[in-house]
Number of protein chains: 2
Amino acid sequence: MADETTKYLLDESRIPTHWVNLVADLPGDPLPPLSPATLQPAGPADLSAIFPEALILQEVSTEPEVEIPEPVREAYKIWRPTPLIRARRLERLLGTPAHIYYKYEGVSPAGSHKPNSAIPQAYENARAGVKKLVTETGAGQWGSSLSFACSLFGLECEVFMVGSSYDQKPYRRSMMQTWGGTVHRSPSNLTEAGRSQASHPTGSLGIAISEAVEVAASSEDANYALGSVLSHVCLHQTVIGQETIAQMEMAGEEPDVVIGCVGGGSNFAGLAFPWLRRKLRGDGKSGMRFVGAEPAACPTLTEGVYAYDFGDTVGLTPLMPMYTLGHDFVPPPVHAGGLRYHGDAPLLCATVKAGLVDAVAVPQNPTFEAALQFSRTEGIIPAPESAHAIRAAIDEALAAREAGEERVILFGLSGHGHFDLAAYDAYLAGTLEDPRFDAADAEAAIARLPSGTPAIA
Amino acid sequence: MADETTKYLLDESRIPTHWVNLVADLPGDPLPPLSPATLQPAGPADLSAIFPEALILQEVSTEPEVEIPEPVREAYKIWRPTPLIRARRLERLLGTPAHIYYKYEGVSPAGSHKPNSAIPQAYENARAGVKKLVTETGAGQWGSSLSFACSLFGLECEVFMVGSSYDQKPYRRSMMQTWGGTVHRSPSNLTEAGRSQASHPTGSLGIAISEAVEVAASSEDANYALGSVLSHVCLHQTVIGQETIAQMEMAGEEPDVVIGCVGGGSNFAGLAFPWLRRKLRGDGKSGMRFVGAEPAACPTLTEGVYAYDFGDTVGLTPLMPMYTLGHDFVPPPVHAGGLRYHGDAPLLCATVKAGLVDAVAVPQNPTFEAALQFSRTEGIIPAPESAHAIRAAIDEALAAREAGEERVILFGLSGHGHFDLAAYDAYLAGTLEDPRFDAADAEAAIARLPSGTPAIA
């Protein structure tokens, strides 16, 4: 047991030089987004009011790889490559023959994977002469990442933070301000969108997106930045999976299953897509499975319908082909604020629809039970979002014990929980709730999906 | 500028195999601690009520190196080796020809260098059959580190947390509880020591130490653990400096000045002592300087007297030869709770006394100004304690600019500030105070130093 390797590290020269664009390897053509005005396929022009051209080109690219600009790779060096860690202590606690590996993205300054996309978004906007980025944030991971990225590239940053998270995580707000960002509680009275949603005081990602898009679209020198869902965000995150492939090679193993939590899908895509591309190309284990873990209180992939829907609550964004609970469904205020989203990345949804990726929904209390087991063995206190992946990974490891199989499990630990300790307090005190998914509410929201869009199911 | 290296990483095989014991290389014999009962030199027996034999042997060892037990090295692998980072963005902001490097200890689960000693202390106590460790904590860095270490080795952990920090940093308490620790606000009414200090509601490290020692000394199966000051704690921290020597070699540079913040002294000792030993042995730059940065509100090294004094406020510990402001001096409640200590490690004080190490005292607001500059260039939000070292490093870099010299500056970034954001809030709002050092108060406390001890000044 002595001198077993725990961490697999890469030096900076191993930061990927390209992002992986899975769309090139998926069978068939991707379904186009639709203009909210015409319901016709949206083109780059529909996005140019709020995104710079370079990001629009990434969004619609069908090339298998996109080169990472050198200043972005330089900024990635602040924390990348991130470690791959073998969870030996957790394995021993579980008494499982499984080998559990996790890729830890919490070493970034903002504490999660989100800067992987915040950096290139800030860089391309700064290069395009934009002065300010406006965005939404759930738990605050994205908003703090964008504030951090804007501080590096000399941009202003304005953040609409989901009300329930704003109240639960005051230090995330302080963090954004420390990096120079401005933060509003959403729904706010600063926008039409916010005022129209005043009856949902806990807010939601969908509402906060509406507010940010409204501000960006009506401003000359401001753009919008989205932390997940869109294809260019998934693209940026693929540095995670690419590094992991190199690190699992160092470990001399290959995963049987790749697990990530899913909110808007970019974390999951970032870890899984490079592995999935390998599998689609016939490399590696042919039986490799992919599992997205979402909250039982907001079960988009497991309970949603596959249809065209808006990315935001009010209906300002293009319509995207995705699993959705309805754009005006407001999920209950679970502590995993980053997973409280009615839809999911179209690219991820396409892989789920094609049967390439499975989804599981896990309730809040079992998720925190897993988080505690992890904290007390591996040391790292995980973000509630990331703990969904830990729950699914532990369930896999227990199944492996049951089956007596030495399965190799790889999961993404997307961030730390330093700003989520109020949730741990509640769990330890036995007062943490398991908010129920209101299926009737979602059904009603789904019935309100925009009509006149092409059927895709 | 493209592809410049930012981080210098070591793999796990480079975790040091031995700790560095500077005492073997210092001229003359170390001054012994004194028994509080007899004022005669204290022996191992004076410590055995609260420490296991293995740690006592480390405390009094005069060997130049002490082997690190294999289970401790295994636990170190959870986060060690830590990165050495070249602060290129900060250098550019300052327009300095200096090269600034920092060793970042905030990647540990608890967020600071403290687990370097918490791990071996928990390990040796567990091996000795102890069931529980009792300790004090200032800002919470040590208490959370010991809670984490106890969770790895199956020990209970009880923490007396300095009142002002307990109020300022509620999530540090949650963190300790997440790892299974029990936390009391100090001064508490659970101990005689605490009840005797009820007139100092903000508490101090000295008071919290008295409480923890009292509980440990009166319990059969509990021991005490100290997070700084003692020689075995400084010893454990020398993994920092040893790794840094290897990493500066990778960078192809050697520091002109080594800077660390000083509270009890273990962080500074951990970084500086391996470098200082090299210098004492005639290796490397002969002009290498060493600078300890302490808060102007608690200026132990710059304003204290060199004398025998208690380590705690009530007078339960052996008397130690050190710079002190008087054991019952209660420093004002600066946000750098980890630096609010009346004394300093005897081993560090001996190097200051011998002229090997310089000290500077920096006020709170300029410290946070430096912290903001650092956050907005290097990305990492530093702990207020660590920001004292940043202030001193920036001052060095500005002096180098003034002198037109390409100085190489190495400083220790001992931890992140994720639990200190209320202090950043106050700084950003312009309401952060610069608490004054009450020299008359310290003078009075110094006048109350125990009489009958040998003069050492």
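**Considerations on the overall build of chain A**
Link 1 in the chain: Along the backbone of chain A there are 18 helices and 15 strands.
Link 2 in the chain: Taken over C-alpha atoms, the radius of gyration comes to 20 Å for chain A, in line with the 23 Å a tight globule of 457 residues would show.
Link 3 in the chain: Projected onto the principal axes, the alpha-carbon positions of chain A cover approximately 60 × 50 × 45 Å.
Link 4 in the chain: A burial count over chain A gives 66% of its 457 residues as buried.
Link 5 in the chain: Working note: accessible area of chain A is about 14400 Å², and carbon and sulfur atoms make up 50% of it.
Link 6 in the chain: With 33 positive and 54 negative side-chain charges, chain A shows a separation of 5 Å between the mean positions of the two kinds.

**Concerning the sheet that holds strand 10 (residues 257-261) of chain B**
Residues and elements named next belong to chain B.
Link 1 in the chain: Pairing in this open sheet of seven strands is mixed, and the strands run 1-4-5-15-10-11-14 from one edge to the other. Strands with a single pairing partner mark the edges of an open sheet, and in this sheet they are strand 1 (7-8) and strand 14 (358-362).
Link 2 in the chain: By the bridge criterion, five bridges tie strand 11 (residues 289-295) to strand 14 in an arrangement that is parallel. Opposite Val291, over in strand 14, you have Asp358 as the bridge partner.
Link 3 in the chain: Running over the sheet, helix 11 (residues 239-251) touches strand 1, strand 4 (84-86), strand 5 (99-104) and strand 15 (408-413) and is turned about 140 degrees from strand 5.
Link 4 in the chain: Here helix 12 (residues 266-280) sits on the sheet in contact with strand 5, strand 10, strand 11 and strand 15, set at roughly 160 degrees to strand 10.

**A look at the relation of the copies chain B and chain A**
Link 1 in the chain: Superposing chain B onto chain A takes a rotation of 180 degrees combined with a translation of 0.0 Å along the rotation axis, leaving an RMSD of 0.0 Å. A rotation of that kind, with that shift, is consistent with a two-fold axis.
Link 2 in the chain: Comparing interface residues between copies, 100% of those in chain B also sit at the interface in chain A, which points to an isologous, same-surface contact.

**Examining the interface of chain B and chain A**
Link 1 in the chain: At the interface, 50 residues of chain B touch 51 residues of chain A.
Link 2 in the chain: Buried area between chain B and chain A, summed over both chains or domains, comes out near 4100 Å², and the portion from carbon and sulfur atoms is 53%.
Link 3 in the chain: Summed over the shared surface of chain B and chain A, the result is four salt bridges.
Link 4 in the chain: Here A:Asp425 makes a salt bridge to B:Arg173, at a shortest N to O gap of 3.6 Å.
Link 5 in the chain: Counting the contacts that link chain B with chain A gives 25 residue pairs in polar contact (both at pLDDT 80 or more).
Link 6 in the chain: Breaking the side of chain B that touches chain A down by element, the ones donating at least two residues are helix 2 (70-76), helix 5 (141-153), helix 7 (170-178), helix 15 (364-378) and helix 17 (421-429) of chain B.
Link 7 in the chain: With seven residues, the top contributor of residues to the side of chain B that touches chain A is helix 7 of chain B.
Link 8 in the chain: Of the residues that constitute the side of chain B that touches chain A, the class distribution is 23 nonpolar, 13 polar and 14 charged.

**Section: the environment of A:Glu249**
Link 1 in the chain: Along the chain, A:Glu249 turns up in helix 11 (residues 239-251).
Link 2 in the chain: Residues A:Glu249 and A:Met176 lie 73 residues apart in sequence; the distance between their C-alpha atoms is 37 Å.

**Some details on the sheet that holds strand 15 (residues 408-413) of chain A**
All names here are of chain A.
Link 1 in the chain: What the seven strands build is an open sheet, ordered 1-4-5-15-10-11-14; its pairing is mixed. If you trace the sheet from one side to the other, it starts and ends with strand 1 (7-8) and strand 14 (358-362), each paired once.
Link 2 in the chain: Sheet contacts for helix 16 (residues 384-403): strand 5 (99-104), strand 10 (257-261), strand 11 (289-295), strand 14 and strand 15; angle to strand 10, the most-contacted strand, approximately 150 degrees.

**So, the packing of helix 4 (residues 115-127) of chain A against helix 5 (residues 141-153) of chain A**
All names here are of chain A.
Link 1 in the chain: Two elements in contact, helix 4 and helix 5, have axes separated by 8 Å at closest approach and are oriented at 40 degrees. Judged by the angle between their axes, helix 4 and helix 5 are oblique. Crossing of helix 4 against helix 5: the hand is right-handed. Touching Pro115, Ser117, Ala118, Ile119, Gln121, Ala122, Tyr123 and Ala126 of helix 4 are Trp142, Ser145, Leu146, Phe148, Ala149, Cys150, Leu152 and Phe153, all from helix 5.
Link 2 in the chain: Across the contact of helix 4 with helix 5, the residue classes break down as 13 nonpolar, three polar and no charged.

**Some points on helix 9 (residues 205-217) of chain A**
For the α-helix, the turn length of 3.6 residues means that residues three or four positions removed from each other point alike.
Residues and elements named next belong to chain A.
Link 1 in the chain: The terminal C-alpha atoms of helix 9, which comprises 13 residues, lie 18 Å apart, in line with the 18 Å expected from a rise of 1.5 Å per residue.
Link 2 in the chain: Of all 13 residues making up helix 9, eleven are buried, and the element is well covered by its neighbours.
Link 3 in the chain: Looking at helix 9, one finds that the buried residues are Leu205, Gly206, Ile207, Ala208, Ile209, Ser210, Glu211, Ala212, Val213, Val215 and Ala216.

**A look at the state of the cysteines**
Link 1 in the chain: Applying the stated criterion across every chain, the model contains zero disulfides over all chains.
Link 2 in the chain: For A:Cys234, which is in no disulfide, the shortest distance to another cysteine sulfur is to A:Cys349 and amounts to 9.5 Å.
Link 3 in the chain: Overall, A:Cys234 belongs to the buried group, its relative accessible area being 1%.
Link 4 in the chain: B:Cys298 forms no disulfide, and the closest cysteine sulfur to it belongs to B:Cys349, at a distance of 12 Å.
Link 5 in the chain: We classify B:Cys298 as buried; its relative accessible area is 1%.

**Some remarks on the packing of helix 1 (residues 53-60) of chain A against helix 4 of chain A**
All names here are of chain A.
Link 1 in the chain: Running from N to C, helix 1 and helix 4 cross one another at 135 degrees; their axes reach a closest spacing of 8 Å. Considering their axes alone, helix 1 and helix 4 lie oblique with respect to each other. Only Pro120, Gln121, Glu124, Asn125 and Arg127 of helix 4 make contact with helix 1, whose side of the interface consists of Ala54, Leu55 and Gln58.
Link 2 in the chain: The class makeup of the residues in the contact of helix 1 with helix 4 is three nonpolar, three polar and two charged.

**Some details on the pattern of salt bridges**
All names here are of chain B.
Link 1 in the chain: Tallying each qualifying case throughout the model produces 46 salt bridges over all chains.
Link 2 in the chain: As a salt-bridge pair, Glu243 and Arg80 come within 2.9 Å of each other at their nearest N and O atoms. Residue Glu243 is found in helix 11, and its partner Arg80 is found in the loop between helix 2 and strand 4; the two are separated by 163 residues along the sequence. The same class applies to Glu243 and to Arg80, which are both buried.

Procedures and definitions
- Residues numbered from 1 in each chain as written.
- Chains lettered and ligands numbered in written order.
- Predicted model: local features only at pLDDT ≥ 70, side-chain atom pairs only at ≥ 80, totals over all residues.
- Heavy atoms only, no water.
- Helix = DSSP H or I, 4+ residues; strand = E, 2+ residues; numbered from the N terminus.
- Rg over C-alpha atoms; globule rule 2.2 N^0.38 Å.
- Buried < 20%, exposed > 50% of the residue type's maximum accessible area, 1.4 Å probe, protein only.
- Areas by Shrake-Rupley, 256 points an atom, 1.4 Å probe, with all protein chains shown as cover.
- Lys, Arg positive; Asp, Glu negative; His and termini not counted.
- Charge placed at Lys NZ, Arg CZ, Asp CG, Glu CD.
- Pairing = 2+ DSSP bridges.
- Contact = heavy atoms within 4.5 Å.
- Axes fitted to C-alpha atoms, helices over the stretch in contact; angles between N-to-C directions.
- Least-squares fit on C-alpha atoms with pLDDT ≥ 70 in both.
- Buried area = accessible area lost by both parts, 1.4 Å probe.
- Salt bridge = Lys/Arg side-chain N within 4 Å of Asp/Glu carboxyl O.
- Polar contact = N/O pair within 3.5 Å; in protein donor to acceptor, adjacent residues only side chain to side chain.
- Nonpolar A, V, L, I, M, F, W, Y, C, P; charged D, E, K, R; others polar.
- Parallel < 35°, antiparallel > 145°, perpendicular 65-115°, else oblique.
- Left-handed = near helix turned anticlockwise from the far one by under 90°.
- Expected span 1.5 Å × (residues − 1).
- Disulfide = S-S within 2.5 Å.

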